[in-house]
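So you can see what is in the structure, the chains are spelled out below.
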Amino acid sequence: MVHAERAALIADLERLDDARWDRPSLCDGWTVHDVVAHLVDTARTTRLGFVLGLARARFDFDRQNALGVERERAVSPGETLERLRRVAARTSTPPAPPLDSRLVEEVVHGEDIRRPLGLSRAYPQEAVVRSLRLQARTPASFGGAKDLLTRVRLTATDADLAVGTGSEVEGPVLSLLLAVCGRPVERGELTGPGVGTLTTPGRVRA
């Protein structure tokens, strides 16, 4: 599923002119080009490489991500895209216990890129559901939403999924995933008394 998402993103990126790579993404402070570079970096990352990189970044996750973008962002979009093609079939991973963390990376960052560009993808439901279930059991300190879901209950309107306790939020599972990852969603995508809690700004993490 991870490889399928990489392939789908590559196909979408191949249709872009260079100017669109400079558009701001949904990931605060990053352009589309930056997010693609980040995906190249995470695809290359091994367990040992992650630990060494984190040490070089003085155990600052945001700094480690920024260094990865700087390293993998080529001069031209075409070259960065070629780097993504070369790593698309890799199976290496940082030391995150569940491999579903790779799905979260591909789906959420895929939307970081597609939504500002007006592109859409019909993601396999299983990929999105597994991503949201992982975020639901991952603490905020690791970029997850476990703490948040003690205050809101998410119910998907297009999948058999309900997680959390507290004020109800309903909507498509992809919209719920984006919201728990701190991404903005369109007005009307989510409904319920817990929407305000769920969509509070300031929780975007790479």
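Residues numbered from 1 in each chain as written. Predicted model: local features only at pLDDT ≥ 70, side-chain atom pairs only at ≥ 80, totals over all residues. Heavy atoms only, no water.

**Topic: the packing of helix H2 (residues 32-44) against helix H6 (residues 100-117)**
Inference 1: Packing of H2 against H6 brings their axes to within 10 Å, and their N-to-C directions diverge by 165°. Taken together, the axis directions place H2 and H6 in an arrangement best described as roughly antiparallel. As H2 runs across H6, the sense of the crossing is left-handed. Taken together, the residues of H6 that come into contact with H2 (itself represented by Val32, Val35, Val36, His38, Leu39 and Thr42) are Arg102, Glu105, Glu106, His109, Asp112, Ile113 and Leu117. (Axes fitted to C-alpha atoms, helices over the stretch in contact; angles between N-to-C directions. Helix = DSSP H or I, 4+ residues; strand = E, 2+ residues; numbered from the N terminus. Parallel < 35°, antiparallel > 145°, perpendicular 65-115°, else oblique. Left-handed = near helix turned anticlockwise from the far one by under 90°. Contact = heavy atoms within 4.5 Å.)

**Some details on the layout of surface pockets**
Inference 1: The computed volume of the second largest pocket comes to approximately 170 Å³.
Inference 2: Lining the second largest pocket are Met1, Val2, Arg6, Arg90, Thr91, Ser92, Thr93, Leu99, Asp100, Arg102, Leu103 and Arg130.
Inference 3: Elements represented by at least two residues in the lining of the second largest pocket include exactly helix H1 (2-13) and H6.
Inference 4: Broken down by class, the residue content of the lining of the second largest pocket amounts to four nonpolar, three polar and five charged. (1 Å grid on protein atoms, 1.4 Å probe; cavity = no way out; pocket = protein on both sides within 12 Å on 5 of 7 lines; lining within 4 Å. Points joined across faces, edges and corners; volume = space filled by probe spheres on them. Nonpolar A, V, L, I, M, F, W, Y, C, P; charged D, E, K, R; others polar.)

**Examining the environment of Val104**
Inference 1: Of note, Val104 is situated in helix H6.
Inference 2: Taking the C-alpha atoms as reference points, Val104 and Gln135, separated by 31 residues in sequence, lie 8.0 Å from one another.
Inference 3: If we skip the residues at most four places from it in the chain, Val104 touches His109, Ser131, Leu134 and Gln135.

**Observations concerning the sheet that holds strand E2 (residues 162-164)**
Hydrogen bonds between backbone groups are what pair the strands of a sheet, and the pairing can be parallel or antiparallel.
Inference 1: Read across the sheet, three strands follow the order E2-E1-E3 without closing on themselves; strand pairing throughout is mixed. Single-partner strands in this sheet number two, and they are E2 and strand E3 (167-171). Averaged over all neighbouring strand pairs, the angle between strand axes comes to 20°, with direction disregarded.
Inference 2: On top of the sheet, helix H8 (residues 173-180) reaches strand E1 (152-156) and E3; it is set at about 150° to E1, its chief contact. (Pairing = 2+ DSSP bridges.)

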